[in-house]
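Structural overview for review
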Amino acid sequence: MASLKLMNPLTIRETTIPNRIVFPPIQTNYAAENGEATDRLIRFHKTIAQNNVGLSIIGATGISPFSKIGDHALCLYEKEQISSVEKLFKAIKEAGSVPAIQLNHGGRVMNPDLAGGKLVGPSAVPSPATGNTPHELSAEEVQDIIDNFVQAAVNAKNAGAEMVEFHGAHCFLLNQFLSPLANQRKDQYGGSTENRARIVKEILRKAREKVGDKFIIGLRMSVEECVDGGLTVDESSKMVKMFVDESLDIIHVSAGGLDLEPQILTEVWSWKKLVNLAGDIKKQVDIPVIAVGGILSLNQAESVIEEGLADMVAMGRSLVADPELVTKTLNGKLDEIDECTYCLQCFAPSEDPGMTCSVNENL
Ligand SMILES: Cc1cc2nc3c(=O)[nH]c(=O)nc-3n(C[C@H](O)[C@H](O)[C@H](O)COP(=O)(O)O)c2cc1C
Ligand code: SF4
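Residues numbered from 1 in each chain as written. Chains lettered and ligands numbered in written order. Predicted model: local features only at pLDDT ≥ 70, side-chain atom pairs only at ≥ 80, totals over all residues.

**Considerations on the overall build of the chain**
- From N to C terminus, the chain includes 11 helices and 12 strands.
- Compactness check: the chain gives a C-alpha radius of gyration of 19 Å against a globular reference of 21 Å for 363 residues, within 12% of the reference.
- Scored against the burial criterion, the 363 residues of the chain give a buried share of 51%.
- Partitioning the contacts of the chain with sequence separation of at least 6, the portion at a separation of at least 24 is 70%. (Helix = DSSP H or I, 4+ residues; strand = E, 2+ residues; numbered from the N terminus. Rg over C-alpha atoms; globule rule 2.2 N^0.38 Å. Buried ≥ 20, exposed ≤ 12 C-beta atoms within 10 Å, placed from the backbone. Contact = placed C-beta atoms within 7 Å.)

**Considering the site of ligand 1**
- Taken together, 24 residues are adjacent to ligand 1, and Q27, G59, A60, G316 and R317 come closest.
- For the shell around ligand 1, the secondary structure elements donating two or more residues are β4 (55–62) and α10 (317–321).
- In the shell around ligand 1, the residues fall into 12 nonpolar, 10 polar and 2 charged. (Near = placed C-beta within 6 Å. Nonpolar A, V, L, I, M, F, W, Y, C, P; charged D, E, K, R; others polar.)

**Some words on the site of ligand 2**
- Near ligand 2, the surroundings consist of 13 residues, among which C340, C343, Q345, C346 and C357 are the closest.
- Its residues placed into classes, the shell around ligand 2 shows 9 nonpolar, 3 polar and 1 charged.

**Focus on the nonpolar core**
- Counting 112 residues, the largest nonpolar core has V164, V200, V253, A278, I290, A291 and V313 as its most contacted members.
- In this view, V200 contacts F166, G168, L174, L178, L219 and F243; residues no more than four positions away in its chain are not counted. (Core = buried A, V, L, I, M, F, W, Y, C linked by C-beta atoms within 7 Å.)

**Topic: helix α9 (residues 298–306)**
- Looking only at α9, the buried set comprises L298, A301 and V304. The buried side chains of α9 occupy one side of the element, clustering within an arc of 115° when seen end-on.
- If you follow the buried residues of α9, they end up packed against β3 (21–23), α8 (273–282), β11 (289–291), β12 (312–314) and α11 (325–330). (Arc of directions from axis to C-beta.)

**Description of the pairing of strand β9 (residues 216–222)**
- With 7 of 7 residues buried, β9 is to be regarded as a mostly interior element.
- Burial of the side chains of β9 extends over both faces: I216, G218, R220 and S222 are buried on one face and I217, L219 and M221 on the other.
- Bridge count between β9 and strand β10 (residues 250–254): 5 bridges; the pairing is parallel. Bridging across to β10, R220 finds its partner in H252.
- What joins β9 to β10 is helix α6 (residues 233–245), and the crossover it makes is right-handed. (Pairing = 2+ DSSP bridges. Right-handed = clockwise from strand over helix to strand, strands pointing away.)

**Looking at unusual backbone geometry**
- In this model, W271 is joined to K272 through a cis peptide bond whose omega is 0°.
- Tracing the sequence through the fold places K272 in the loop between α7 (262–268) and α8.

**A few points about the sheet that holds β4**
- Reading around the barrel, the 8 strands line up as β3-β4-β5-β8-β9-β10-β11-β12 and close back on themselves, with parallel pairing between neighbours. Put simply, the sheet's adjacent strands are angled 25° from each other on average, direction ignored. (Axes fitted to C-alpha atoms, helices over the stretch in contact; angles between N-to-C directions.)

**Regarding the pairing of β4**
- Most of β4 sits out of view: 8 of its 8 residues are buried.
- The pairing of β3 with β4 spans 2 bridges and is parallel. Bridging from a neighbouring strand, V22 pairs with L55 of β4.
- Pairing between β4 and strand β5 (residues 98–104): 6 bridges, direction parallel. Opposite G62, over in β5, you have N104 as the bridge partner.
- Taken together, β4, helix α2 (residues 79–94) and β5 form a β-α-β motif whose crossover is right-handed.

**Quick word on the environment of F215**
- Position of F215 relative to the elements: it lies in the loop between α5 (193–211) and β9.
- Separated by 201 residues in the primary sequence, F215 and E14 have C-alpha atoms spaced 7.7 Å apart.

Here it is, written out as structure tokens:
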């Protein structure tokens with residue numbers, strides 16, 4: 001196990017990530033109702049980070065009062081939230097992992113209560129999942145949202161993160177702008193590939209101006225929408241190249257999202273569907289690529305690196321089920337691993353707010 005390529009470090013800008021294993025963004029709903037980090041959230045990430053996970057990305061974090069996707073989701077726009085997140089990043093760093101955070105606005109798929117009663121989107125097109133039709137953002141309102149993303153990136157940097165990941169996946173707001181289905185705008189933010197990509201380009205450009213040259217900027221993108229007429233990997237590749245021109249450092253390849261039926265989404269996120277899409281993107285760009293989806297073992301993860309499909313490999317549910325999976329594998333204790341059964345309990349909303357797992361009772 002010692003000779004795994006997976007365990008080689010990777011340097012991006014001035015940060016050296018100790019190995020290629022990533023904990024991907026998972027919105028646990030473990031934050032306080034006011035968006036501050038809690039001891040539970042810190043403990044959750046620390047336990048994973050201290051078990052040989054090179055990069056820890058905190059799940060979808062709200063960038064403004066009406067952007068969060070869970071009633072107990074983390075937020076990063078107020079002073080108290082920022083100082084609470086400092087403790088979270090510090091704990092991850094001390095555990096030996098590089099702290100990163102995903103920044104998100106939910107857009108039209110949000111719970112209307114969390115959106116302050118006013119859902120927003122690129123166009124007044126209903127979400128297939130919820131049937132809710134958002135208010136079409138004006139060009140001025142788009143600028144406000146760009147500023148919110150950029151300020152949240154600055155806040156993350158000031159709180160000690162070494163990387164932000166803008167959330168352009170899973171049918172949330174940025175994904176809605178990239179999509180030829182959700183985005184029917186006639187202005188500079190809709191229509192052509194370039195126009196639909198514009199909001200992300202502007203966020204990347206402005207964020208880079210503010211966070212400087214040492215900070216890592218990433219993007220997660222659903223490169224296939226998996227519906228007729230939706231974004232395809234061919235068009236996504238063109239967009240990713242545009243984002244690289246705006247100094248994007250790393251791309252995290254996903255597909256589909258909340259607007260798909262849960263059983264279809266489960267199928268899309270299975271081994272080796274997403275991983276192969278990562279390989280398609282990797283052929284097109286020179287920046288590091290993160291692959292994810294249905295990876296249960298370090299053998300599978302190593303094969304992704306070995307086959308040249310990606311530079312880093314994210315393991316989500318498998319590390320929720322057993323945060324010590326990597327350590328146990330490296331120590332040859334494979335029979336002690338508590339394997340994720342893909343039962344999907346972690347997706348289900350629970351009364352007591354916060355993600356639960358049928359395998360891991362210590363959450
Ligand atoms: C409970 C739960 C919450 C998730 N939250 C997020 C999130 O906040 N942002 C995101 O981009 N993906 C989120 N995901 C998707 C994961 O990051 C990952 O891409 C997906 O689970 C597939 O990888 P896996 O098979 O290794 O779990 C979530 C997944 C689960 C199970
Ligand atoms: S709840 Fe089920 S699917 Fe989710 S991590 Fe646990 S075992 Fe895996």
